[in-house]
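# Structural overview
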Amino acid sequence: MSAASCLRSEDQFLCSICLDVFTDPVTTPCGHNFCKNCINEHWNSNDQYLCPLCTNVFKTRPELHINTFISEMVSHSSEQQAAEPGEVPCDVCTGTKLKARKSCLVCLTSYCETHLEPHLTALSLKRHQLMDPVENLEDRMCMKHDKPLELFCKTDQTCVCMLCTYSDHKTHDVVPLKEEYEGKKAELGKTEAEIQEMIQKRRLKIEEIKHTVDLSEEAADREKAEGVQVFTALMQSVERSLNELIETIEEKQRTTEKQAEDFIKELEQEISELKKRSSEVKKLSHSEDHLHLLQNFPSLKAAPPTKDWTEVSVRPPSYEGTVVRAVAQLEETLSKQMKKLFEVELKRVQQYAVDVTLDPDTAHPKLILSDDGKQVHCGDVKKNLPDNPERFSNCSSVLGKQSFSSGRFYFEVQVKEKTEWDLGVARESINRKGLITLSPQYGYWTICLRNGNEYKACNIPSVYLSLKSQPQKVGVFVDYEEGLVSFYDVDAAALIYSFTGCSFTEKLYPYFSPCNNDDGINSAPLIICPVNQTV
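Okay, so let's go over this structure. (Residues numbered from 1 in each chain as written. Predicted model: local features only at pLDDT ≥ 70, side-chain atom pairs only at ≥ 80, totals over all residues. Heavy atoms only, no water.)

### What about the packing of helix α6 (residues 177–285) against helix α7 (residues 290–301)?
Between α6 and α7, the shortest axis-to-axis distance is 10 Å and the interhelical angle comes to 155°. Judged by the angle between their axes, α6 and α7 are roughly antiparallel. Considering how the two elements wind past one another, α6 and α7 form a crossing that is left-handed. For the pair α6 and α7, the contacting residues are Arg277, Glu280, Val281 and Leu284 in the first and His292, Leu293, Asn296, Phe297, Ser299 and Leu300 in the second. (Axes fitted to C-alpha atoms, helices over the stretch in contact; angles between N-to-C directions. Helix = DSSP H or I, 4+ residues; strand = E, 2+ residues; numbered from the N terminus. Parallel < 35°, antiparallel > 145°, perpendicular 65-115°, else oblique. Left-handed = near helix turned anticlockwise from the far one by under 90°. Contact = heavy atoms within 4.5 Å.)

Have a look at this one:
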């Protein structure tokens, strides 16, 4: 059935009076159909009962009968939805454009359910290729030959028509659209699977990040709780020490005041006695009774017995050293608390212990490494070794084999019986030839011992360190992302020094220098020790 016949089919459902889809369709005796209300109003307004289409005149007003076939067809058509904005409309509908159900790639026309029926029933139209409705079907025509784009040129990766294969694409690899469609569809399936896998990986990464945040929050809560506990104890200790200091000072003051009060009371008592004697003497001296004066003179001549106050004094108490002693005692308490904290901190960083071995390819020719790569000391003879780029040529230094570019790591080195040494980490691009300068500016984060008792953090300028005891074993901890390098006295569980705010962008290697032998005085080796987490 042609498109024109489809159009005529739709016109059969329109009333010729109101030109709209039938409402209660009825049939006249002459066989024409109208809306029941339309034909009745037409006959009510005219003197004759004639058919508006064929002008056939009826002598009497005809009896009208409902056309059940048209009613059912109109009802079925009304069930179809009108095309909404953004939806593909039927190209055949003349009145209200119904929503298209399919598009024909041969007819280049979109059909609603009613107008699609011929493509589903007519044998010649069944061979047409139908697809879900699409707009701009003309884009599926070859612009050069005005023919359907039904082939695919694999050479130029473009859609072509049949005539294109005889001209511009004559020698090209051309296949039917369906064949290429199946191939590309399979590729899209694979791409979709890859995308879904990428989505899944990213979802897992989100869960990993959320889990990390949760762990960080838990760690932060624990740290805050511990911090509150520690500082509360410290504040209580400070407050207790302050109260004891104040009580000591006030006790001394009370003792002084009590002594003064006793002296004053005794003096006032003597003054009272003296005043009484003075009154008696004065009264006797004014007496005109010769006998009375002479009889009482011996007892009043001498002053009443009193204390010799010449050497008596109230000495203010000495407060010198009171505050100092209190602070010293507090410092001792704080030191004990600090030692406990460092013990806890050391246990934490020891959890990041890594296995470090020395790299012989980086060792200065005078250095002697143990077979297991755990010990190094400086010999007297410079070995004949290849001067490869990794090797230190002037300084008696060596790097660890292991490198680190993220996370945290920790290792311990025995420095017992040595008078000089350098320890720390270094970045991969450090200068290893000639003289080197140990400082962060040159890629070294290290501490060192010189002259047997002089400890320094290697920087420009050097930072001299005051240590309570000489470390026998040094722990080195690095937090790459945090930019932190810390050194610990393992046995004393004390922090030696920390480089903070570092910016790491390269691999980091453990760095060791046993320094020169110094005629055997500094012959003891540096020993990488297994980490014992039972501090």
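What follows picks up the thread again.
### Considerations on the pattern of salt bridges
Counting across every chain of the model gives 20 salt bridges. The shortest N-O distance in the salt bridge between Asp168 and Lys144 comes to 3.0 Å. In this pair, Asp168 is assigned in the loop between β10 (158–160) and β11 (174–176) and Lys144 in the loop between β8 (130–131) and β9 (151–153), connecting sequence segments 24 residues apart. Among the ionic pairs, Arg254 bridges to Glu251, the shortest N-O distance being 2.6 Å. Taken together, the residues span about one helical turn, with Arg254 and Glu251 both in helix α6 at a distance of three residues. According to the relative accessible area criterion, Arg254 is partly exposed, its value standing at 37%. For Glu251, a relative accessible area of 38% translates into the label partly exposed. In the salt-bridge network here, residues are joined through shared partners; they are Glu223, Glu226 and Arg348. (Salt bridge = Lys/Arg side-chain N within 4 Å of Asp/Glu carboxyl O. Buried < 20%, exposed > 50% of the residue type's maximum accessible area, 1.4 Å probe, protein only.)

### Digging into the sheet that holds strand β5 (residues 65–66)
One key point about sheets: their strands pair by backbone hydrogen bonds, in either a parallel or an antiparallel sense. Taken in spatial order, the three strands line up as β2-β1-β5 in an open sheet, and their pairing is antiparallel. Only two strands of the sheet have a single partner each, and these edge strands are β2 (33–35) and β5. As defined by bridge partners, strand β1 (residues 25–27) adjoins β2 across three bridges and the pair is classed as antiparallel. The residue of β2 that forms the bridge with Pro25 is Cys35. In the packing of helix α2 (residues 36–44) onto the sheet, the strands contacted are β1 and β2, and the crossing angle to β2 comes to about 90°. (Pairing = 2+ DSSP bridges.)

### Describing α2
Each turn of an α-helix holds 3.6 residues, which means side chains three or four residues apart point in the same direction. When α2 is considered as a whole, its buried residues turn out to be Cys38, Ile39 and Trp43. End-on view of α2: buried residues confined to an arc of 125°, all on one side of the axis. What points out from α2, more than 90 degrees from its buried face, is the exposed set Asn37 and Asn44. Contact partners of the buried residues in α2: β1, β2, β3 (49–50) and β4 (57–58). (Arc of directions from axis to C-beta.)

### Considering the environment of Gly379
Along the polypeptide, Gly379 turns up in the loop between β13 (375–378) and β14 (398–399). Owing to a relative accessible area of 10%, Gly379 belongs among the buried residues under this scheme. Through-space distance from the C-alpha of Gly379 to that of Gly520 is 9.2 Å; in sequence the pair is 141 residues apart. Here Gly379 is in contact with Lys366 and Ile368, once residues within four sequence places are set aside.

### Looking at the packing of aromatic side chains
Tallied over the entire structure, the rule returns twelve aromatic pairs. For the ring pair Tyr444 and Tyr511, a centre distance of 5.4 Å and an interplane angle of 75° mean the geometry is edge-to-face. Here Tyr444 is found in strand β17 (residues 444–450), whereas its partner Tyr511 is found in strand β23 (residues 508–513), with 67 residues between them in sequence. Residue Tyr444 shares its accessibility class with Tyr511, and that shared class is buried. Ring centres of Phe487 and Phe499 lie 6.3 Å apart, and the angle between their planes is 75°; this geometry places the pair in the edge-to-face category. With Phe487 in strand β21 (residues 484–489) and Phe499 in strand β22 (residues 494–499), the pair connects residues that are twelve residues apart, well separated along the chain. Residues Phe487 and Phe499 agree in their burial class; the two are buried. The rings of Phe392, Tyr444 and Tyr511 are connected pair by pair, giving a single aromatic cluster. Note that Lys307 overlies the ring of Trp309, its terminal NZ or CZ placed 4.8 Å from the centroid. (Phe/Tyr/Trp six-rings, centres within 6.5 Å; stacked < 30°, edge-to-face > 60°. Lys NZ or Arg CZ within 6 Å of the ring centre and 35° of its normal.)

### Considerations on the sheet that holds strand β6 (residues 102–104)
Read across the open sheet, the three strands follow the order β7-β6-β8; overall the sheet is antiparallel. This sheet does not close on itself; its edge strands, each paired only once, are β7 (109–111) and β8. Strand direction decides the pairing type here: β6 and β8, joined by two bridges, are antiparallel. Within β8, the position partnered with Cys104 by the bridge is Leu130. On the sheet, helix α4 (residues 113–121) packs against β6, β7 and β8 and is oriented at approximately 110° with respect to β7.

### Quick look at the layout of surface pockets
To locate leftover empty space, one rolls a probe as large as a water molecule over the atoms. Taken as a whole, the largest pocket encloses approximately 920 Å³ of empty space. Of all the secondary structure elements, the ones that give two or more residues to the lining of the largest pocket are α6, α8 (322–350), β20 (473–479), β21 and β22. Here the residues of the lining of the largest pocket are counted per class, giving 15 nonpolar, five polar and nine charged. A volume near 590 Å³ is recorded for the second largest pocket. In this structure, the second largest pocket is lined by 18 residues; those nearest its centre are Leu105, Gln129, Leu149, Glu150 and Leu177. Per-element accounting of the lining of the second largest pocket gives the leading share, five residues, to α6. When its residues are assigned to classes, the lining of the second largest pocket shows eleven nonpolar, one polar and six charged. (1 Å grid on protein atoms, 1.4 Å probe; cavity = no way out; pocket = protein on both sides within 12 Å on 5 of 7 lines; lining within 4 Å. Points joined across faces, edges and corners; volume = space filled by probe spheres on them. Nonpolar A, V, L, I, M, F, W, Y, C, P; charged D, E, K, R; others polar.)

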